[in-house]
Amino acid sequence: MAGESRGSIAFFATYRPPVPLDVFSCPVAPPPSSPRDELHLTDGVSYNHSCRPIPAAALRALLQRPKLASEATTADVDAGRITGLVFVSERDSGLETLHVALRFDGGKQVKVFGLADIFGAGGDFSGVRMEDSGCFGGGYRERGRAVDHTLVYVSTREPVAARRSPWTVVYGTNLRTGETARLTPRGTFDLSPAVSPSGKRVAVASWQGKPGLWDGEIEDLRTDIYVMNVHKPPLGRTGPVVKNAGWPTWGSDDVIFFHRRVGTTWGVFRFSMSTGEEARVTPEEFDAVTPAAISETKVAVATIRRKSQFSDVRVEEQYRHIEIFDVASPEQPVKITQKTRPKTDHFNPFVLDGGSRIGYHRCKSEQLHQNNGGGGSSVANNFHKLQSPHKDVGLFRVSGVCPTISKDGSKLAFVDNEFKAVWLADSHGLRVVYEKKGPNSVFSTAWNQNTALDTLYVCVGPSFSADKPLQIYAIHDVSALGGRQQRRLTAGASNNAFPSSSPDGGRLVFRSTRDGGGGGRRHKNLYVMEDAAVGEFGTGKVTRLTSGAWTDTHCSWSPREGSDWIVFSSTRDKPAAAPADDNGLDPGYFAVFLVRASDPTVVVRVVRSADSVAGHVNHPVFSPDGRSIAVTADLAAVSADPISLPLFLHSVRPYGDIFTVDIDPDDISKNRDVRAFHRVTHSRYENSTPAWTTFATDDPNAQWSTLVTTKEAAAYRPACPYAHPDGGDSWHMTGHLLLPKRCC
């Protein structure tokens, strides 16, 4: 395919729930008593989340746009025959972008439009980007002149050259003219915009004034709240009005609610602009986040009343539920979702119908019941083709961990979400080729680059425990429908992982803890099996390639014939004074290096790390032509408030998104500290473990390409033992539950 002449990149989205998200609402008075009280608000297509209502006046203005003019009239709005929502959906090429839902006759009919449909597919609403936090301002009079209604939102569409700087910028699009203006000043970045009831002011959670902006934190961002005018924002931006605060929402033009972490718990606070008074609204005993103000005294929040651990089978109080708190009586909250689906997490509340209903999004856990005749726990997982920013490289998301594609592009393998089985997709279809009895037993697959050998490497053992044995196995004749042979290649009790063969298939590089380290640390270095067929048994020999008190990992051998270049990620640049870990996790400082297998003294740093925990450049892989390297990295910081995502613990540190860097494939010395990078994905989740195949996503010679679809369900339905038809833990198997620590 000419449009994908350099092949395709496959990746896995770690935190994206396996059960689709969708938008719902419940009444406030009386509060809901059963699932029947819950109202579905969208059309149910794709993943839908992060919703807010469209005010009637703004909806009237939207209906003047040519694309929507034939759908309804302002009289329909006045009569209540049509209402509107703005929300994030992944329906268009897998991008997380804003859409407008027109709801007719109380929601019996719903039509959904993308912003490109409404405002035109020009530069403002084209290309790879993420959009979020849609809300509406304007609609007031200033000095006798009417100020147009404006859609206010976050977008990552503007490239940022600085590494580890957020790309999140707040924009305003005029509903009448369709013109878009940047509301966030140049040089700073904002999250979570909220418009005041008058439509005049926007509050944002901002990094403005913070040295270095993002510091690598992925739960408590410690942003400050700034306020600016919807109209001519640079002239009216003030702040910080509140320090160490996030997720603002207006109770009136004077009162702002926000969330903040104090000690070990999150709470929702109330701030008065006129008096400067600040007070906590929710109790200190449990977490309360993502507020949505109903009035100056009432606010809807998401609560987690009891913290949970990775090994927990959660009870009701350990789920995220929607509640309403009143400043006058905080000890008597109104519980909204506990009776509808007690074992489901509910996210990001919003206010409907003047406060008579509260909306939110959740996983459509009822699909677990529908798909399995009432008793199962699996859901269809598609392999989605996504829009790519590279005109000559395709992009698709695999619903499985650690995808790997054979050098000729004909076979795709991956680990299921339980880390229990290895799946293979080829000309014979989709099937399991290796399986263990229990979860968390299989990790990291890789093909031998000599396709004639038909050999797949698998790491067997606990997937994310560096202090436990992890062994490399070879599965020979893996594509055969029968007669596959397994051979263990590593010996001893070391943690061995990330095998990658030489282009001719004769040698194998991998990382191992076999030479240990002092102080209880398990240093990791690279080693080469001189005979990939026998490993280190019998006449097999292992040669140490790197040596140091650091972590060298994620190694990948160049696919160019005769090449002895190996790319890997390493913490060897970590400062001596850096902490051993951060919140029990690895402390970052990962950079990408090239080393010669024939001369390990030739080492070149290709992509620098950061001098802080904001330093994850991991899982590097070569492009099939050897001209580029794809990595999963935090080079664009975070794109959404992490506390609003499907997490309940400070767990695995997100790498971020997929990026590529171009290299000189002929002269290793010319690849020192490459500065330019290309952002491939824009997501609130962690997109990780890329694989780069020579085939285009729709090449008929790539048999696995039949799985890449946005319309038809694939055959892959992995079991989800922590999911229940009533909602329990349906998103855990994104890998979150089984990833207590990074295994690098």
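Definitions and cut-offs
- Residues numbered from 1 in each chain as written.
- Predicted model: local features only at pLDDT ≥ 70, side-chain atom pairs only at ≥ 80, totals over all residues.
- Heavy atoms only, no water.
- Buried < 20%, exposed > 50% of the residue type's maximum accessible area, 1.4 Å probe, protein only.
- Helix = DSSP H or I, 4+ residues; strand = E, 2+ residues; numbered from the N terminus.
- Pairing = 2+ DSSP bridges.
- Phe/Tyr/Trp six-rings, centres within 6.5 Å; stacked < 30°, edge-to-face > 60°.
- Core = buried A, V, L, I, M, F, W, Y, C linked by side-chain atoms within 4.5 Å.
- Contact = heavy atoms within 4.5 Å.
- Polar contact = N/O pair within 3.5 Å; in protein donor to acceptor, adjacent residues only side chain to side chain.
- Salt bridge = Lys/Arg side-chain N within 4 Å of Asp/Glu carboxyl O.
- Disulfide = S-S within 2.5 Å.
- pLDDT = per-residue confidence, 0-100.

**As for the pairing of strand 23 (residues 298–304)**
Along strand 23, six of the seven residues are buried, which leaves the element largely enclosed by surrounding structure. When strand 22 (residues 287–293) meets strand 23, the two strands line up antiparallel, connected through five bridges. The partner of Asp287 across the bridge, within strand 23, is Ile304. Between strand 22 and strand 23, which follow one another and run antiparallel, lie four residues. Pairing geometry for strand 23 and strand 24 (residues 321–326), over six bridges, is antiparallel. Its bridge partner being in strand 24, Lys298 is matched across the sheet by Asp326.

**Section: the packing of aromatic side chains**
Counted under the stated rule, the structure contains ten aromatic pairs. For the pair Phe258 and Phe269, a centre-to-centre distance of 5.7 Å together with 10 degrees between the ring planes defines the contact as stacked. You can see Phe258 sitting in strand 19 (residues 255–262) and its partner Phe269 sitting in strand 20 (residues 265–272), a full eleven residues away along the chain. Accessibility classification places Phe258 together with Phe269 in one group, the buried group.

**A look at the nonpolar core**
Counting 61 residues, the largest nonpolar core has Leu62 and Leu102 as its most contacted members. Excluding residues within four positions of it along the chain, Leu102 makes contact with Leu59, Leu63, Leu68, Glu71, Ile82, Thr83, Gln109, Val110, Lys111 and Phe113. Formed by 43 residues, the second largest nonpolar core is a distinct cluster that contains Phe419, Leu456, Val478 and Trp557.

**Here we look at the sheet that holds strand 22**
Strand order in the open sheet formed by four strands is 22-23-24-25, and the pairing between neighbours is antiparallel. Either end of the sheet is taken by a strand with one partner, and the two such strands are strand 22 and strand 25 (334–335).

**A short note on the environment of Val170**
Structurally, Val170 is set in strand 12 (residues 169–174). A relative accessible area of 0% means that Val170 is categorised as buried. Taking the C-alpha atoms as reference points, Val170 and Ser133, separated by 37 residues in sequence, lie 9.2 Å from one another. Ignoring any residue separated from it by four or fewer positions in sequence, one finds Val170 in contact with Val152, Tyr153, Val154, Arg182, Leu183, Thr184, Asp190, Pro193, Val204 and Met228.

**Comments concerning the side chain of Lys364**
Mapping Lys364 onto the fold places it in the loop between strand 27 (357–363) and helix 5 (366–370). Taking relative accessible area as the criterion, Lys364 reaches 8% and is therefore assigned buried. Polar side-chain contacts of Lys364 include one of 3.0 Å to the backbone oxygen of Gly44. Among all residues touching Lys364, those that are not within four sequence positions of it are Val19, Pro20, Asp22, Phe24 and Gly44.

**Concerning the environment of Leu95**
Note on placement: Leu95 falls in the loop between strand 5 (82–89) and strand 6 (97–104). Its relative accessible area of 7% is what places Leu95 among the buried residues. As a C-alpha pair, Leu95 and Gln387 span 292 residues in sequence and 7.2 Å in three-dimensional space. Apart from the residues within four sequence positions on either side, Leu95 is in contact with Ser89, Glu90, Gly127, Val128, Arg129 and Gln387.

**Observations concerning the pattern of salt bridges**
Summed over the entire model, instances satisfying the criterion amount to 39 salt bridges. For Glu131, the salt bridge identified is with Arg129, shortest N-O distance 2.8 Å. Both residues of the pair, Glu131 and Arg129, belong to the buried class. Sharing partners across several salt bridges, the network here consists of Arg6, Asp625 and Arg627.

**With respect to the state of the cysteines**
Under the criterion given, the structure shown has zero disulfides. Distance from the sulfur of Cys459, which forms no disulfide, to the nearest cysteine sulfur (Cys402) is 8.5 Å.

**A short note on the confidence of the model for the chain**
Averaged over the chain, the pLDDT score is 88; the fraction of residues at 70 or greater is 88%. Between residues 648–652, whose pLDDT stays under 50, and residues either more than four places distant or in other chains, the model counts 27 contacts. Counting contacts from residues 718–744, a segment whose pLDDT is below 50, to residues more than four positions away or on other chains yields 116 contacts.

**A word on the environment of Gly394**
Within the element layout of this structure, Gly394 appears in strand 29 (residues 394–397). Residue class for Gly394 comes out buried when judged on its relative accessible area of 3%. Between the C-alpha atom of Gly394 and that of Asp698, which follows or precedes it by 304 residues, the distance is 9.2 Å. If we skip the residues at most four places from it in the chain, Gly394 touches Glu4, Gly7, Ser8, Ile9 and Ser388.

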